[in-house]
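In case you want the letters, here they are:
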Amino acid sequence: MSDLKTFKGGVHPHDYKELSREKRIEDYPLPSSVVILMSQQLGSPSKPIVKAGQEVKTGEPIAESTGFVSIPQHSSITGKVKKITEAFTPLGTISQAIEIERTQDDIWFDGFQQLDIEKTEIDVLKKRVQECGLVGMGGATFPMHVKLSPPKDFKIDTLIINGVECEPYLTADYRLMLEKTESIIKGARILMRILDLTKCIIAIENNKPDAIAIMKEKTASSQGIEVIALKVKYPQGAEKQLIEACTDRQVPSGGLPMAAGCIVQNVGTTYAAYQAVVEGKPLIERICTITGAAVPENGRKNLNVRIGTSVKEILDYCKVDTNNIGKLISGGPMMGLAQKTIDTYITKGSSGLLCLSRKEAESWEPEPCIRCARCVDHCPIHLMPCLIAAFVEKKMWEEAQKYNILDCIKCGTCSYVCPAKRRLVQAMKLGEFEIRALMRKKKA
Amino acid sequence: MSNQLLISMSPHIRDKGTVSRIMWDVNIALIPALIGSIYFFGLTAIYTIVSAIAGALLAEYLSTKIRGVPNTIKDGSALITGILLAFNLPPHTPLWMPFLGAAIGIIVGKQFFGGLGNNPLNPALIGRAFLLASWPVTMTKWYENMAPSGGTLSGLLKAGNLITSATPLTVMKTISKAKHALPAGGNLEQSLIDNYNALIDAPNLINLLVGRVGGCIGETSALLLIIGGIYLLAKKIIDWKIPATYFGTIFVLSILLGGIEGKFCIRTGLFHLFAGGVMLGGIFMLTDMVTSPVTPLGRIIYGIGGGLIVIIIRFWGGYPEGCCYSILIMNVTVPLIDRYTRPKIYGFIPPKKEEVKNA
């Protein structure tokens, strides 16, 4: 197995994927209403362009983008705008939102024509991706069109399709690769055309042998697309680590992944690009894994849900007794966000709803650091988290910066391995927040 | 809503390892050598170990009480200090001595600095250094290891059996001193050459490996210590880099520098590895997480540095043994080593030349 590619550092948490890996993607019934957040992407929030009472069709634009690093939003059902309201984002902040009540089954908005992958002009393809509100669906929710518009001074030569899904528990990308293999490959073709690339790597971790096999089979005749099996290790799905694993290149400190000549897109995002171009469907649904010990066996699912669906209703649909949930996590257990309420809504970044049982929902009391150096040995960026955390605790921002706190990718590896259960990532986040604030102050 | 969801920052799952689990694993790794010490030295080993453990635990308990912090006896770290100090003492010390040494180690070496994780030096060795400086005669009085002749506990119970004897290292020291005192071109006395050859002879090396020699109660059996070391390596509690570089340095340098009449012999290297506290120190004390570097390169430098000091003290210093001081001295260098051996970060960009000048 040692001939498999990987990156340096990282950990091997138990992946718990057995809970939901055999569950085929299932369409969630059309919700009676949806709440679509204006801040569900990285970048500036979208601006509503509909009014209360207005009728909207499925896929119809309801909010416009407010800048380059922003996206439009679309109605995910056919119905009537109830009101412009507010709702919690997965981060726990409050965002403007549009609530829509469904009046009937889907009537698709006809503003997006179906395009031909090979014959359509590149600019039209690119515009389509932008108009359809595509963001990175692995969880980062970075607007896709920004990544597809590399500045001219970057020499990009490789597109990496991220099928790693290194977060434990999540199986949404895995199911998608098995069930929508050809669409993903076509999506990759679209991205290759937009970026004018001849080389594409589809990277999948070795714990998904069937996904690797089917991808290899379907790409056998595809020129320029190569499927690479990677050694199982967290955080291999992180952009920088994936680039290192696939190409042996490193993204320069403080730089964009483009600087290493690579553009990384998640398989879910790639599939969304296929839908946007070939089917003329904006991003109004996604695959979300409902899993965890607090979900009964027959409730664990990989659901195809409309954006804006109520989390509460989904949990109900999956027969989850909410009293059994100790911790509700949006995303996976390593980087996902603990939710303070179940009254939230599916966003474009909702890769999973992980319901930990009350027993699993531990909060760990930190003990003194014993300098065991596990955090140093496992950090995928090769930082010294134990030392940086000590600097942050003493508010020694300059020292923390000298020890490269700003390079941290917040993957959680250090906290995961720490035997003293120290809150290392927390210190990293706090330190970065304070240092960035100081830097802004200095500039002003 | 009746249900209270727990909110905390990611990651929401953690590795099973805990601090006390690590400490208890170290204690488990010490068991083979502990049983060996009782086999080789009999009741005195039991007395010494129990007394040291009592001193360590009592000191830990009282210190945490006085400091008003949670009692940390259960984490097993004070127990390690007690056992390690006992292992570093000769047999038949008066009973108050291990007790006092362990207490000093815990109080001065560990709790003064803020308890577990904050001590710059190995607490057990602080205790030993304190005892050695205060009662040098008692601390260097060696007794014949009874096991080969007596072999059983009952044979050891008779106090009359005690015979003071030299340890292999004190014999070696005499030879080494004579070697240095030689005028250019002079020859060593034949008796010293015979002694030297007997020391590095295969039967004696086997005695050293098994532990049938005089010395501190826990350090004599290299084999039993290595068994504990393998356990620690398997449990990923110690990093192989520290013992490997420490032993490697001692092995190579003693072959190059430790011979007589200009001869190099692998057996000299083996002698210096198995004699004295090198195995105990290199596996259990130099590797103590709290007092060793956190960087991979740092651990290599640290191990080599420790080995160098052992060689310098054994060949040119005033003591026959250099293990304890090699560890204490290297402990002091750890912050400096860590500072200059930071791992190269992912995506490292070398600073431009002008920036280096300005820095």
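Everything numeric in this text was worked out from a predicted model, so none of it was measured.

This paragraph deals with the overall build of chain B. Helices and strands together make up the secondary structure of chain B, namely 17 helices and zero strands. In summary, chain B has a C-alpha radius of gyration of 23 Å against a globular reference of 21 Å for 359 residues, a match within 12%. Across its three principal directions, the C-alpha atoms of chain B cover 90 × 60 × 35 Å. Going through the 359 residues of chain B one by one, you find that 53% of them count as buried. At a minimum sequence separation of 6, the contacts of chain B that also span at least 24 residues come to 75%. Across chain B, 27 positive and 16 negative side-chain charges occur, with their mean positions spaced 6 Å apart.

Along its length, chain A carries 13 helices and 17 strands. What you see for chain A is a C-alpha radius of gyration of 21 Å, in line with the 22 Å of a compact globule of 444 residues. Considered along the principal axes of its C-alpha atoms, chain A spans approximately 60 × 55 × 50 Å. Residues classed as buried in chain A amount to 59% of the 444 residues present. Taking all contacts inside chain A whose residues are at least 6 apart in sequence as the whole, residues at least 24 apart take part in 73%. Carbon together with sulfur atoms contributes 50% to the accessible area of chain A, which is approximately 18,000 Å² in total. Across chain A, the centroid of the 60 positively charged side chains sits 4 Å from that of the 53 negatively charged ones.

With 44 residues of chain B at the interface, the matching set in chain A holds 66 residues. With both chains or domains summed, chain B and chain A bury close to 4,500 Å², and 59% of this area falls on carbon and sulfur atoms. For chain B, the biggest contributors to the area lost against chain A are His12, Arg14 and Tyr346 of chain B; these three give 21% of the whole. Here chain B is connected to chain A by two salt bridges. Here Asp377 of chain A makes a salt bridge to Arg299 of chain B, at a shortest N to O gap of 3.2 Å. Seen at the junction of chain B and chain A, the total is 22 residue pairs in polar contact (both at pLDDT 80 or more). Of all elements in the fold, only α1 (19-41), α15 (296-316) and α16 (323-340) of chain B reach the threshold of two or more residues within the side of chain B that touches chain A. Here the side of chain B that touches chain A is composed, by residue class, of 23 nonpolar, twelve polar and nine charged.

Following the sequence through the fold, Lys340 of chain A ends up in the loop between β16 (337-338) and β17 (352-357). Each C-alpha atom of the pair Lys340 of chain A and Ala140 of chain A lies 20 Å from the other, and the pair is 200 residues apart in sequence. Those residues in contact with Lys340 of chain A that lie beyond four places of it in its chain are Phe88 and Gly92 of chain A together with Leu5 and Ile7 of chain B. There is a polar contact of 3.3 Å between the side chain of Lys340 of chain A and the backbone oxygen of Gly92 of chain A.

This part takes up the packing of aromatic side chains. Counted under the stated rule, the structure contains eleven aromatic pairs over all chains. Aromatic side chains Tyr28 of chain A and Tyr317 of chain A sit 4.9 Å apart centroid to centroid with 80° between the ring planes, which places their arrangement in the edge-to-face category. Here the residue Tyr28 of chain A occupies a position in the loop between β1 (25-27) and β2 (33-37), and Tyr317 of chain A occupies one in helix α8 (residues 311-317), the gap between them amounting to 289 residues. On the basis of relative accessible area, Tyr28 of chain A is assigned to the buried category, the value being 11%. Among the residues examined, Tyr317 of chain A registers a relative accessible area of 28% and is labelled partly exposed. An aromatic cluster is defined as three or more aromatic residues linked by ring pairs; in this entry it consists of Trp96, Phe130 and Trp135 of chain B. In this structure, Arg21 of chain A packs its charged tip against the face of Tyr174 of chain A, placed 4.7 Å from the ring centre. Note that Lys233 of chain A overlies the ring of Phe7 of chain A, its terminal NZ or CZ placed 4.6 Å from the centroid.

Moving on, we come to the packing of α15 of chain B against α16 of chain B. Residues and elements named next belong to chain B. The interhelical angle for the contact between α15 and α16, taken along N-to-C directions, is 145°, at an axis separation of 9 Å. In this structure, the crossing between α15 and α16 has a hand that is right-handed. Two secondary-structure elements touch here, α15 through Gly298, Ile301, Tyr302, Gly305, Gly306, Ile309, Val310 and Ile313 and α16 through Cys323, Tyr325, Ser326, Ile329, Met330, Asn331, Val334 and Ile337. Of the residues in the contact of α15 with α16, the class split is eleven nonpolar, five polar and no charged.

All names here are of chain B. Counted at 1.5 Å a residue, the expected span for helix α11 (residues 222-234) with its 13 residues is 18 Å, and the 18 Å between its end C-alpha atoms agrees. The complete set of buried residues in α11 reads Ala222, Leu225, Gly228, Gly229 and Leu232. Taken around the axis of α11, the buried residues stretch over an arc of 125°, which confines them to a single face. Among the exposed residues of α11, those oriented more than 90 degrees off its buried face are Ile230 and Ala234.

On to the domain arrangement of chain A. Residues and elements named next belong to chain A. What the domain assignment reports for chain A is domain 1 (113-278) and domain 2 (374-443). Each of domain 1 and domain 2 has a C-alpha centre, and these two points are 30 Å apart. Each partner contributes residues to the interface: domain 1 has seven residues there, and domain 2 has six residues. Both faces considered, domain 1 and domain 2 share a buried interface measuring about 540 Å² in area, 46% of it formed by carbon and sulfur atoms. Per-residue buried area on domain 1 facing domain 2 is highest for Tyr234, Lys240 and Gln241; these three make up 57% of the total on that side. Run the count over domain 1 and domain 2 and you get zero salt bridges. Scanning the region where domain 1 abuts domain 2 turns up three residue pairs in polar contact (both at pLDDT 80 or more).

For the rest of this paragraph, the subject is unusual backbone geometry. Residue and element names in this part refer to chain A. Cis rather than trans, the peptide bond between Tyr234 and Pro235 has omega equal to -5°. At Ala373, a residue that is not glycine, the phi angle is positive and equals roughly 70°. Tracing the backbone through its elements, the reader meets Ala373 in the loop between β17 and α9 (374-378). Residues other than glycine seldom take positive phi values, yet Asn404 does so here, at roughly 65°. Inspection of the secondary structure puts Asn404 in the loop between α11 (397-402) and α12 (413-417). By relative accessible area, Asn404 is classed as buried at 18%.

Residue and element names in this part refer to chain A. Taking strand neighbours across the sheet as the criterion, the four strands line up as β2-β8-β7-β4 in an open arrangement whose pairing is antiparallel. At either margin of the open sheet sits one strand with a lone partner, and together these are β2 and β4 (55-56). Of the pairings in the sheet, the one linking β4 to strand β7 (residues 78-88) comprises two bridges and is antiparallel in character. Each residue of the ladder has a partner; that of Glu55, found in β7, is Lys80.

Before going further, it helps to spend a moment on the sheet that holds strand β3 (residues 47-48) of chain A. The three strands are arranged β3-β5-β6 (chain A) in an open sheet whose pairing can be described as antiparallel. At either margin of the open sheet sits one strand with a lone partner, and together these are β3 and β6 (73-74) of chain A.

With that settled, the discussion passes to the packing of helix α5 (residues 123-134) of chain B against α16 of chain B. Residue and element names in this part refer to chain B. Direction vectors running N to C along α5 and α16 enclose 125°, while the axes themselves pass 10 Å from each other. Viewed along their axes, α5 and α16 adopt a mutual orientation that is oblique. Our pair here, α5 against α16, has a crossing hand that is left-handed. Residue-level contacts link Leu125, Ile126, Arg128, Ala129 and Leu132 of α5 to Cys324, Tyr325, Ile327 and Leu328 of α16. Here the residues of the contact of α5 with α16 sort into eight nonpolar, no polar and one charged.

Rules used throughout
Residues numbered from 1 in each chain as written. Chains lettered and ligands numbered in written order. Predicted model: local features only at pLDDT ≥ 70, side-chain atom pairs only at ≥ 80, totals over all residues. Heavy atoms only, no water. Helix = DSSP H or I, 4+ residues; strand = E, 2+ residues; numbered from the N terminus. Rg over C-alpha atoms; globule rule 2.2 N^0.38 Å. Buried < 20%, exposed > 50% of the residue type's maximum accessible area, 1.4 Å probe, protein only. Contact = heavy atoms within 4.5 Å. Lys, Arg positive; Asp, Glu negative; His and termini not counted. Charge placed at Lys NZ, Arg CZ, Asp CG, Glu CD. Areas by Shrake-Rupley, 256 points an atom, 1.4 Å probe, with all protein chains shown as cover. Buried area = accessible area lost by both parts, 1.4 Å probe. Salt bridge = Lys/Arg side-chain N within 4 Å of Asp/Glu carboxyl O. Polar contact = N/O pair within 3.5 Å; in protein donor to acceptor, adjacent residues only side chain to side chain. Nonpolar A, V, L, I, M, F, W, Y, C, P; charged D, E, K, R; others polar. Phe/Tyr/Trp six-rings, centres within 6.5 Å; stacked < 30°, edge-to-face > 60°. Lys NZ or Arg CZ within 6 Å of the ring centre and 35° of its normal. Axes fitted to C-alpha atoms, helices over the stretch in contact; angles between N-to-C directions. Left-handed = near helix turned anticlockwise from the far one by under 90°. Expected span 1.5 Å × (residues − 1). Arc of directions from axis to C-beta. Domains from an automatic or database assignment. Pairing = 2+ DSSP bridges. Parallel < 35°, antiparallel > 145°, perpendicular 65-115°, else oblique.

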